[in-house]
Amino acid sequence: MIRFLVFRFSQAALTIFGVVSLVFFLQRLTGDPVALLLPETATEDDIKVMREVMGLDQPVWSQYANFLFDTFKLDFGFSFVRNAPVSEIIISRIPETLKLAIGALAFSMLCGFPLGLIMAFTARRQVSKWLMAFVLACQSLPTFWSGIVMILVFGVWLQWLPTSGTGSLSHLIMPSISLGLLSLATYARMTRTAVLEELDKDYIRSARARGVRTARLVQKHLLRNSLVPIVSISAIEVSQLLAGAVVVETVFAWPGLGLLTMQSIAARDFAIVQIIVLLGSFITVSANLISDLLYSIIDPRIRP
Amino acid sequence: MEYLKESTFIQIRAMAQFWPYLFLVIFIAMAIFSPWISPFDPDRQHLLARLKPPGFEVRGGVFWLGSDELGRDVLSRVIYGARISVSVAFLSVIFSGVVGTALGMLAGHHRGWFEQIIMRLVDVFLSIPAILLAILLVAILGPGIVNVILVLSLSRWPRYARVAHAQTLSLANREFVVISNAMGASTLHVLRTHIFPNIFNQILVIATLEFGLMVLFEAGLSFLGLGVQPPAASWGSMLSTGRNYVSTAWWISTFPGLGLFILVLSANTIGERVGGLPTDRDTKS
């Protein structure tokens, strides 16, 4: 177990190191990073000062070392466009995106699990085919379009829900559904596969032969045995939701990290964009790590 | 008579199974023949007929799907949008597929440091959420249709590389590969005649699934203003305009969205039938 842990952690660390390097060199490949980091209105003097502040007079390798070291120290630099430290700006936006991600996750789980269960139990009937088509449709719906259609129907025509912004719980409903549709499809599929696999096993058959009712079968046997692998993919699901938030937040003017990304690109504030990319991949790597560890705790056979 | 009726019914049902292929052919035809089938020039502005609902009659024709905020015909823009969606998705699937497959096969064939570098690079690329990677690259390279294709290819090759690598490894100890190597065949020869034909099917399944994803990515980038630039008609940028007029002119966003949805649904359904959609999420975003 120790060996597995050390292996997985060093692999994750190596990947993070690679991402930081990639972001650094992508920036340098395009020429002058000062042009990317400073707003368009910067004067000659600003650029000169910026060069000195960033240490651009030093050779590339020492710049690279500095960038690595700063990132490692969690010193993410300064946004000259917003005139504030990058970490401060990002931290102020995290709660909004987290709210949205939790809302989306709750929606996708609450609808995805029962849908998957129903699909598994009706596997040989026509109903299952229709549900599968519905799931595939959820998977193919562009997030930005489903968002706009919902705004049109529930916000403009029916006027049940606010069309954009944040504040009350009702603001959260449409963005959560829009963001959660894709995850809903994943949960429904995973649940269906896991339950179908479980349904085929001997203990279920013998339980059925003993005359155990379906409801009790689900509650007592199926959920316990097939839910664990499904829950452990939730870690990965969260990281996907955070990436999807870029589009959803733009559609609903939701003031989280995604909207911040788009605003920063519009303002050419690359200092923020690069850190958001780093944050996104850090979350993805950690999510993969967590789900691997969860799996290996549940099923020790997969440890190398 | 009864028998005949039933068989016709079954035939219709069997025909209905082909709907995703039918839609795909329709969209490809729209892409190829857009100058001939679109009723208006997609960039022609009718400033006196702005934001008109579907069916509005204007000098020289009818706006069957309405007009947008500059009086341009939505139907023509949807048809030209298919051209951008299909060509961007097609080209990026080809580029990322060729590069990813080649690198993956090479990494599987040449074990050692080359394999390590390529596969760790794959890990790095796959650990950055795809849409964020694309946004980062566009922010650096600048928007535009060529850059979008470049960016999509750059962000999606690792997926092919991972599969090609694993498949090549699984073939490495088969007799025909071992013997070919022992007889001194060149790398190119072994990869081309022995490895590639055996992994082509898996690669094709991924490519089918990636196609729908590429369509969504292009539209997403254009929606965010980072993809194809105006005035070019892209479904994504039409949606982003439509977002602003959702309360007054629903048709601007509804029809390009519908086109996007049907195209992606068709591609996903075909992919599903060919190989089954994967359940692991590192491939989607």
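Residues numbered from 1 in each chain as written. Chains lettered and ligands numbered in written order. Predicted model: local features only at pLDDT ≥ 70, side-chain atom pairs only at ≥ 80, totals over all residues. Heavy atoms only, no water.

Draft legend 1. Summary view of the overall build of chain A. Assigned secondary structure in chain A consists of 13 helices and 2 strands. For the C-alpha atoms alone, the extent of chain A along its principal axes is close to 85 × 60 × 30 Å. Summarising the internal contacts of chain A: among those between residues at least 6 apart in sequence, 72% fall at separations of at least 24. Taken as two groups, the 25 positive and 20 negative side-chain charges of chain A have centres that lie 21 Å from each other. (Helix = DSSP H or I, 4+ residues; strand = E, 2+ residues; numbered from the N terminus. Contact = heavy atoms within 4.5 Å. Lys, Arg positive; Asp, Glu negative; His and termini not counted. Charge placed at Lys NZ, Arg CZ, Asp CG, Glu CD.)

Draft legend 2. Just the overall build of chain B, in detail. Scanning chain B for helices and strands turns up 11 helices and 2 strands. In chain B, the succession of α and β elements from N to C terminus is α-α-α-β-β-α-α-α-α-α-α-α-α. With the principal axes as the frame, chain B shows a C-alpha extent of 75 × 65 × 30 Å. Burial analysis of chain B (285 residues in total) assigns 52% to the buried set. Partitioning the contacts of chain B with sequence separation of at least 6, the portion at a separation of at least 24 is 72%. Between the centroid of the 20 positive side chains of chain B and the centroid of its 16 negative side chains there is a distance of 2 Å. (Buried < 20%, exposed > 50% of the residue type's maximum accessible area, 1.4 Å probe, protein only.)

Draft legend 3. Focus on the interface of chain A and chain B. Listed per partner, the contact involves 52 residues of chain A and 42 residues of chain B. Taken over both partners, the interface formed by chain A and chain B buries close to 4,300 Å², and the fraction arising from carbon and sulfur atoms is 78%. When residues of chain A are sorted by the area they lose upon contact with chain B, F144, W145 and I148 of chain A head the list and together hold 15% of the total. For the pair chain A and chain B, the interface holds 0 salt bridges. Inspection of the chain A/chain B interface yields 4 residue pairs in polar contact (both at pLDDT 80 or more). (Buried area = accessible area lost by both parts, 1.4 Å probe. Salt bridge = Lys/Arg side-chain N within 4 Å of Asp/Glu carboxyl O. Polar contact = N/O pair within 3.5 Å; in protein donor to acceptor, adjacent residues only side chain to side chain.)

Draft legend 4. Examining the packing of aromatic side chains more closely. Within this structure, the stated rule accounts for 18 aromatic pairs over all chains. Between W250 of chain B and F255 of chain B the ring centres are 6.0 Å apart and the planes differ by 50 degrees, which places this aromatic pair in the tilted class. Of the residues examined, W250 of chain B reaches a relative accessible area of 31% and is grouped as partly exposed. Every member of this aromatic cluster is reached through a ring pair, and the members are F24, F25, W61, Y64 and F67 of chain A. (Phe/Tyr/Trp six-rings, centres within 6.5 Å; stacked < 30°, edge-to-face > 60°.)

Draft legend 5. Layout of a nonpolar patch on the surface. Residues and elements named next belong to chain B. A grouping of I28, I32, F33, W36 and I37 is seen on the molecular surface, where their side chains present a nonpolar patch of about 550 Å² in accessible area. At the level of elements, helix 2 (19–32) and helix 3 (34–37) are the ones that each hand at least two residues to the nonpolar patch. Of note, W36 is situated in helix 3. (Patch = residues over 30% accessible without salt bridge, like charges linked within 9 Å, V, L, I, M, F, W, Y side chains within 5 Å. Areas by Shrake-Rupley, 256 points an atom, 1.4 Å probe, with all protein chains shown as cover.)

Draft legend 6. Quick peek at helix 5 (residues 113–127) of chain B. Helix length check: helix 5 of chain B, at 15 residues, gives a terminal C-alpha distance of 21 Å against a target of 21 Å (1.5 Å per residue), a fit within 8%. Residues E115, I118, M119, V122, D123, V124, F125, L126 and S127 of chain B constitute the buried set of helix 5 of chain B. (Expected span 1.5 Å × (residues − 1).)

Draft legend 7. A look at the pattern of salt bridges. Residues and elements named next belong to chain B. In total, this model carries 6 salt bridges over all chains according to the counting rule given. Of the charged contacts, one joins D123 and R120 as a salt bridge, the two residues approaching to 3.0 Å between their closest N and O atoms. Here D123 and its partner R120 are both found in helix 5, 3 residues apart, which amounts to about one turn of the helix. We classify R120 as partly exposed; its relative accessible area is 28%. R156 is the salt-bridge partner of E210, the closest N and O atoms lying 3.0 Å from each other. Of this pair, E210 sits in helix 9 (residues 187–223) while R156 sits in helix 7 (residues 145–171); the two residues are 54 residues apart in sequence, bridging distant segments of the chain. Taken individually, E210 and R156 each receive the classification buried, so the pair is uniform in this respect. Salt bridges linked by common partners bring R120, D123 and R162 together as one network.

Draft legend 8. Broad picture of the packing of helix 4 (residues 74–109) of chain B against helix 9 of chain B. All names here are of chain B. Here helix 4 crosses helix 9 at 145 degrees, and the two axes come no closer than 8 Å. For the pair helix 4 and helix 9, the crossing hand works out as right-handed. Considered class by class, the residues forming the contact of helix 4 with helix 9 number 18 nonpolar, 5 polar and 2 charged. (Axes fitted to C-alpha atoms, helices over the stretch in contact; angles between N-to-C directions. Left-handed = near helix turned anticlockwise from the far one by under 90°. Nonpolar A, V, L, I, M, F, W, Y, C, P; charged D, E, K, R; others polar.)

Draft legend 9. Representation of the confidence of the model for chain A in the model. Counting all residues, the mean pLDDT for chain A is 81, and 92% of those residues have values of 70 or more. Taken element by element, chain A is modelled with least confidence in helix 2 (residues 33–37) of chain A, mean pLDDT 66, and with most confidence in helix 5 (residues 86–121) of chain A, mean pLDDT 88. (pLDDT = per-residue confidence, 0-100.)

Draft legend 10. Quick peek at the environment of R125 of chain A. Among the structural elements, R125 of chain A can be located in the loop between helix 5 and helix 6 (126–140). A sequence separation of 104 residues divides R125 of chain A from S21 of chain A, and the C-alpha atoms of the two residues are 52 Å apart.

Draft legend 11. Inspection of the side chain of S140 of chain A at higher detail. One can find S140 of chain A in helix 6. S140 of chain A sits in the buried class, given a relative accessible area of 0%. Within polar-contact distance, the side chain of S140 of chain A engages the side chain of N268 of chain B at 3.0 Å. Setting aside anything within four residues of it in sequence, one finds S140 of chain A in contact with L216, F261, V264, L265 and N268 of chain B.

Draft legend 12. Just the side chain of S127 of chain B, in detail. When you line up the elements, S127 of chain B lands in helix 5. You can call S127 of chain B buried: its relative accessible area is 4%. In contact with S127 of chain B, other than residues within four places in its own chain, are T15, V19, G280, S281, T284 and V285 of chain A.

Draft legend 13. Expanded view of the environment of G66 of chain B. All names here are of chain B. On the secondary structure map, G66 appears in the loop between strand 2 (61–63) and helix 4. Counting along the chain gives 11 residues from G66 to G55, while the straight-line C-alpha distance between them is 6.3 Å. Dropping the residues within four chain positions of it, G66 is found in contact with K52, P53, P54, G55, R72, D73, V74 and W251.

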